[in-house]
Amino acid sequence: MEKQASVSDSPVLRKPRTFGGNLGSRQESGDSLDSPTGSHVEWCKQLIAATISSQISATVPPEVAPRDSKTGWKTEYRVSRRPNLRDSGEEHGCQWDSASQLPLPAGALKEAQKLVAMDELPLVPGESVKFTAKDVTYICPFTGAVTGTLTLTDYKLYFISLEREPPFVLDVNLGAISRLESFGVQNHGENMRGLEIVCKDMRSPRFLYKQEEQNNEELETLITQYAFPLSNDLPLFAFQYKEAYPVDGWKVYDPAAEYKRQGLPNESWTISKINSNYEVCDTYPALLVIPTSFKDDDLKRVASFRAKHRIPVLSWIHPETQATIVRCSQPLVGPSDRRCKDDERYLQTIMDANAQSHKLTIFDARQLSVADSNKSKDGGYESENIYPNVELNFLDIPNIHVMRESLRKLKDVVYPTIDELHWHSGIDTTHWLEYIRLLLAGAVRIADKVESSKSSVVVHCSDGWDRTAQLTSLAMLMLDSHYRTLRGFQTLLEKEWISFGHKFTSRVGHGDKNHANSERSPLFVQFVDCVWQMMRQFPSAFEFNELFLITILDHLYSCLFGTFLYNSEQERMEKEVQSKTVSLWSYVNSQLEEFTNPFYVDYENQVLYPLASLRHLELWVGYYVRWNPHMRPQMPVHQNLKELQFLRAELQKKVEELQREASSSRSISSSSEHASSPSHGGTPLHTAV
Amino acid sequence: MEHIRTPKVEQVKLLDRFSNKTTTGTLHLTATHLIFVESNVSGAHEIWILHHHIASVEKLSLTTTGCPLLIQCRNFRVVHFVVPRERDCHDIYSSLLHLLRPESYDELYAFSYNPKQNEQQREEGWQLLDLTAEFERMGLPCDQWQLTDVNRDYKVCETYPRDLYVPITASKPIIVGSSKFRSKGRFPVLTYFYQEKKAAVCRCSQPLSGFSARCLEDEHMLQAISRANHNSRFVYVMDTRPKLNALANRAAGKGYENEDNYSNIRFQFVGIENIHVMRASLQKLLEVVGTRALSVTDYLAGLESSGWLRHVKAIVDAAIFLTKAVTVEGASVLVHCSDGWDRTAQVCSLGALLMDPYYRTLKGFMVLIEKDWISFGHKFADRCDQLDGDPREVSPVFTQFLDCVWQLMEQFPQDFEFSEWFLIQLHEHVHSCQFGNFLGNSQRQREELQLKERTYSLWAHLFSERHHCLNPLYSLSSAEKHPVLEPLTQPWNFRFWRNMYHQFDRSMHPRQSVLKHTLALKESNVQLEATVHALKMKLQKLGVSTSPLELLSRPWEHGPPSRPRSLILGAPLSRKEAQQEEEEEEVLGEEALEDGPDGSGGERTAEGSSATENGYGELQDSFGSKSEPAVVSLELGVARMTC
């Protein structure tokens, strides 16, 4: 806020300029903007570029409302979208319009030009309008400036302009806002204010509005207040959201049931309640799976030897070999090479629980050099000399700060304008794909160790809640086909990420204005990107589709659902998240069809080893570049397949019907069998006959 | 045969290009092929390499295990043999050197290839495509355009076909005069007619304008083209070269049209680089992606600096410009480059592909190739290095065109009747010299070689294999709704075509394919339909009345009678698979059709465990045999045809 003040105090005034005739009618938007901040010079350049490009190609489609906006008006969404599916399926490029995503019919709007957009504003239950500003100009980097009404609610910013046909709509969830930047601009003797909304989801919309008119100065204050509720003593919107879904998403994950599915407890492993009051480790879940033979007191000594008391606990067990994936934090070896007999014995017990192997493999996600420097800060790693039968591997994955920087650079490459000539080298300089490769390669090594070498593995990084969660969950996704189903994936996230204390609040910065906090990092985004890369390599191995992944990422930021709020299970219990907020899975599981991949074939017990070679990795343009109107949504091949499946279902029904008819009409079933034999009956149905 | 000194070498090692895997086998050298047969494995893996496909043979320095022989093929296969004895290696090396570059057309494989067809079948094969009928389909001749016999004897332009379409107002003297003012006599003629707007796409070569020369006949010719279209007052003249190149050509007495001299033209440079740049670009690209241990940076930077994708984009951009001018503005367009047989062919055919859904069908695409490439004299013999010729004339112009088509197919998966496999087959046979279609540089030369009498047509062969060449996602309704394609050209829309450039590197391919899944589904639907039908028949015989089959709601299926479902989709995915079905009598569920796991029992299976096994990739997955991924169906194709 101090920054804003300083900017507005010293507006640098320049003589007004006009860009191109096309914009003449709404000059106020395109005129001289300047500010002490260098980035705004850049902004001007982009504005010019955008204006020019809008003149060249008038057919550029309007920016489309983000997907998450559908959440609130689910009913409209389903109604308006469903019949559209087939039609929009055939649409090409520029004909893609946003009207289909709007809850209001375009025709009605045409007549009601004068109507205040607020009347049609889609609100989710519990959402209320806080402020409405008219004559606000949105400076679209793709299609030029457009003037309309900006509405602030406690959940989102909603901009609508009736200047264009169909109406131009942009909405931004307040939760996605990382920071606000504002500055004064002089235009035709009028004081204008510019507001840049820097978002966590790879875009930064910019607005211009008149300073004196109405109470517009309030706008900025209010946006700040509602965008960062926690910094302003306001509740997160999730606690106000009142949608009732037919399915209760909080019931998706039941740790006991999930462990039971894995065959636990068994003779070597037990489900312990030692942490039921979060006494042993406050960032772990209440239920932990630990070796049966290990006493609670000894366990507490192990806890004191592990960073944040995050002891090695079982995450996944191989249904046949009993090889396990165990996760933990780094051992507190320290510069003096401390030892902990109990920790050594504990790992030995974990190894002994798996009769197939006489080795225990430890994967330290960090680089050796980083692990070494951690050692001087009281952390460290398991020395092969001290721990018998242990094989230690470093996976060389950089830390959260490197990842944050990488994604920041990626945003510069993809938003708002793209340097076509240097697209590949631009991506290369971000190193984003390289880190994706490291993660996937690391997870493949872990999965391969468990599956092929039948050896138990221990995975940790420093605290065991970032890279560890990424690696274990990816490895589990490769090893266990259950996690590749819609429900299974939800379980995986609930388990490995949410219950095991990935610090979502810190990493995402929910409701917090401190955008420069070094705790923030897009590790979960990176994980979802890895899942997407796997989906590309195995298009029929996952029950869910790309929309599902993008929806998850949108609601990672949106604060609409309680799912990704807070840092640990304990915190969530204290804040009564389950009773006071709605789960994202309630929303998802109420309309599963939207998120289902029609190509899915359930191969039980199939292990996937994605190729972690960079030749097979690609930038996820469907997510990172989705704000660019030239980003065509996925071609409706899926639709084609859905039709085929529908046809098959109908044919199967027909066959069934006919067979029933045949058998009832005194004909012998053998004759119908005979009839079908020439075609070798390509359906499961036939085997049943 | 006199060149073959050692027809067979045993204990030869084959090194995999991207892994450390080696296989041992026997190398056979025949008059037409180099064959590697993997030893002591049942269902042995065989590699057949046609001599015409070999681009280069290299003998590397001796190692402890033997003498390495590196063979690079035009279909992007790279094989690395290690021959135990240096003498054998040298024999094969020198034999190959003689065999791989024939000096006369008679030595080409097409003249000895015999697919056991009789004379009548062969003739029918050559009559499959009829360009006169194609021009009729476009609505020609019409009141503004007519067929001219000026080139009946190849006297005006020897690299053009006999039948040419020109404006009705263009008299013979104008044509002849214009042709004298055009490089290689390639005067402006019609190649595509957009009936809806009466706009024509014409092609020619550069004018011999130098710095100031004019030619009234040529100016008249362009005026005639302009007048033939009442929708627009001007003709676009697209020079597909970069301006700099065109300027340089002026010094050699060639150049481009001066807008001051031609009334009613709008001149436009498009900036596609020449054949030498393209050759170097692809070479660079292949070098980059062929590196074994490739870092992320090397890959991305290499992809960019090779410029290949940028060049592909330039061609697509040009085609989009052409399409917009014709379909939106309704203006006629004249396209040329230097000689009008490389870039011009690329842009004209790609533009037609965007404009006309017919060219996106299997037969339509064949017609397009026949028209814009073969008949208009793309120099296949020179560009594909069929005979021992000038290496500077060799260039992957046609490959690049196929690449452009593939990029479009990626963007519009439902709009093409043919599959990626078809494009790869085309590429294979442009270089194989197994069929007569692509031999020689011009129609005139092909007639002199009596190809129709002495060789077989590729089109007939591809038609006989059409069930492999079809795209299961093709939807006619899509073409009806949006006949004109509007591709996007942002950089992420252009990808490296792995299935082409790495088609033989099995380890490079992903393990699952959407395409295959769809094929399996379609197959199962056809079978279900057959079952329904059979049951109905049975019931009818029993005297039970049933509701007619048509009751089945299939609103999206306006399938035309020309595409009988049963014929295409009912056919087994491959012969091998068909055999298996018969032998094993297995009931094919969805899972059984997929590769890898059988889905039966609780056995754990792995996909893509190491970088070396399984999955020849989408191609193999979708069209090849399922239990023997080792047999590459490309080779199957060749083997079947030769034996």
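Residues numbered from 1 in each chain as written. Chains lettered and ligands numbered in written order. Predicted model: local features only at pLDDT ≥ 70, side-chain atom pairs only at ≥ 80, totals over all residues. Heavy atoms only, no water.

(A) Helix α14 (residues 467-479) of chain A, seen in detail. With 13 residues, α14 of chain A ought to run about 18 Å at 1.5 Å a step, and its terminal C-alpha atoms sit 18 Å apart, in line with that. In terms of burial, α14 of chain A is a largely internal element, 13 of the 13 residues being buried. (Helix = DSSP H or I, 4+ residues; strand = E, 2+ residues; numbered from the N terminus. Expected span 1.5 Å × (residues − 1). Buried < 20%, exposed > 50% of the residue type's maximum accessible area, 1.4 Å probe, protein only.)

(B) Molecular detail of the packing of helix α17 (residues 523-537) of chain A against helix α18 (residues 546-558) of chain A. Residues and elements named next belong to chain A. Taken N-terminus to C-terminus, the directions of α17 and α18 make an angle of 175°; their axes are 10 Å apart at the nearest point. The angle between α17 and α18 places the two elements in the roughly antiparallel class. Contact residues: α17 offers F524, V525, V528, V531, W532 and M535, while α18 offers E546, L549, I552, L553, L556 and Y557. Looking at the contact of α17 with α18, its residues break down into 11 nonpolar, no polar and 1 charged. (Axes fitted to C-alpha atoms, helices over the stretch in contact; angles between N-to-C directions. Parallel < 35°, antiparallel > 145°, perpendicular 65-115°, else oblique. Contact = heavy atoms within 4.5 Å. Nonpolar A, V, L, I, M, F, W, Y, C, P; charged D, E, K, R; others polar.)

(C) Structural detail: the state of the cysteines. The tally for this structure, following the rule as stated, stands at 0 disulfides over all chains. Distance from the sulfur of C199 of chain A, which forms no disulfide, to the nearest cysteine sulfur (C559 of chain A) is 13 Å. Considering cysteine sulfurs only, C204 of chain B is the nearest to C215 of chain B, which forms no disulfide, with 12 Å between them. (Disulfide = S-S within 2.5 Å.)

(D) Molecular detail of the sheet that holds strand β4 (residues 168-173) of chain A. Residue and element names in this part refer to chain A. If you trace the 7 strands from one edge of the open sheet to the other, you get β4-β3-β2-β1-β7-β6-β5, paired in antiparallel fashion. Each edge of the sheet is formed by a strand with only one pairing partner; in this case those strands are β4 and β5 (177-187). Geometrically, the sheet is characterised by an average inter-axis angle of 30° between neighbouring strands, direction not taken into account. (Pairing = 2+ DSSP bridges.)

(E) Broad picture of the confidence of the model for chain A. Residue and element names in this part refer to chain A. Mean pLDDT for chain A: 80, with 77% of residues reaching 70 or above. pLDDT under 50 marks residues 1-118. Its contacts with residues more than four places away, or in other chains, come to 212 contacts. Here residues 667-689 is modelled with pLDDT under 50, and outside its nearest four sequence neighbours on either side it reaches 37 contacts, counting other chains as well. (pLDDT = per-residue confidence, 0-100.)

(F) Here's a closer look at the confidence of the model for chain B. All names here are of chain B. Averaged over all residues, the pLDDT of chain B equals 83, while 83% of them reach at least 70. In this model, residues 548-601 is a region of pLDDT below 50 whose contacts with residues beyond four sequence positions or in other chains number 96 contacts. Considering only residues more than four positions removed or in separate chains, one finds that residues 609-643, a stretch of pLDDT under 50, has 102 contacts.

(G) Inspection of the sheet that holds strand β11 (residues 199-204) of chain B at higher detail. All names here are of chain B. The strand order across the open sheet built from 5 strands is β10-β11-β14-β12-β13, with neighbouring strands paired in mixed fashion. Bordering the open sheet on either side are β10 (189-194) and β13 (265-269), each of which pairs with just one other strand. Strand-to-strand, the axes of this sheet are offset by a mean angle of 20°, without reference to chain direction. In this fold helix α5 (residues 216-227) packs onto β11, β12 (235-239), β13 and β14 (332-336), with an angle of close to 125° to the strand it touches most, β12.

(H) Quick look at the packing of helix α10 (residues 343-355) of chain B against helix α13 (residues 397-411) of chain B. All names here are of chain B. Orientation of α10 relative to α13, taken along the N-to-C sense of each, is 20°, at an axis distance of 10 Å. In terms of orientation, α10 lies roughly parallel with respect to α13. Read as a crossing pair, α10 and α13 show a hand that is right-handed. Mapping the contact onto sequence places Q346, S349, L350, L353 and L354 in α10 and V397, Q400, F401, C404, V405 and L408 in α13. Among the residues making up the contact of α10 with α13, the classes are represented as 8 nonpolar, 3 polar and no charged. (Left-handed = near helix turned anticlockwise from the far one by under 90°.)

(I) Seen up close, the nonpolar core. Counting 257 residues, the largest nonpolar core has F489, F524 and Y624 of chain A together with F365 of chain B as the members making the most contacts within it. When residues in this core are grouped by element, the largest group, 12 residues, is from helix α9 (residues 308-328) of chain B. Leaving out residues up to four positions away in the same chain, F489 of chain A has contacts with L477, H482, Y483, F527, V531, F544, F548, L549 and I552 of chain A. Residues V302, I311, L360 and F500 of chain A belong to the second largest nonpolar core, which totals 38 residues. (Core = buried A, V, L, I, M, F, W, Y, C linked by side-chain atoms within 4.5 Å.)

(J) Structural view of the layout of surface pockets. Residues and elements named next belong to chain A. Taken as a whole, the second largest pocket holds about 960 Å³ of empty space. Contributing to the lining of the second largest pocket are 35 residues, with R179, V198, C199, R408 and K411 lying nearest its centre. Elements supplying a minimum of two residues to the lining of the second largest pocket: α3 (38-56), β5, β6 (190-199), α11 (400-414), α16 (504-509), α17 and α18. Looking at the lining of the second largest pocket, the element that brings in the most residues is α11, giving 6 residues. (1 Å grid on protein atoms, 1.4 Å probe; cavity = no way out; pocket = protein on both sides within 12 Å on 5 of 7 lines; lining within 4 Å. Points joined across faces, edges and corners; volume = space filled by probe spheres on them.)

(K) Spotlight on the pairing of strand β1 (residues 8-15) of chain B. Residues and elements named next belong to chain B. The sheet contact formed by β1 and strand β2 (residues 22-29) spans 6 bridges and is antiparallel. Across the sheet, the residue bridging to K13 is T24, located in β2. The hairpin turn running from β1 into β2, its antiparallel successor, is 6 residues long. As defined by bridge partners, β1 adjoins strand β7 (residues 78-83) across 3 bridges and the pair is classed as antiparallel. Along β7, the bridge assignment pairs L15 with H80.

(L) Highlighting the pattern of salt bridges. All names here are of chain B. Tallying each qualifying case throughout the model produces 63 salt bridges over all chains. Between R85 and D88 there is a salt bridge, and its shortest N-O distance comes to 3.3 Å. Across the pair E393 and K379 runs a salt bridge whose closest N-O atoms are separated by 2.8 Å. In this pair, E393 is assigned in the loop between α12 (380-383) and α13 and K379 in the loop between α11 (362-375) and α12, connecting sequence segments 14 residues apart. Among the residues examined, E393 registers a relative accessible area of 23% and is labelled partly exposed. Under the relative-accessibility criterion, K379 is labelled buried at 13%. A single network of salt bridges, built from pairs that share partners, joins D342, K379, D382, R383 and E393. (Salt bridge = Lys/Arg side-chain N within 4 Å of Asp/Glu carboxyl O.)

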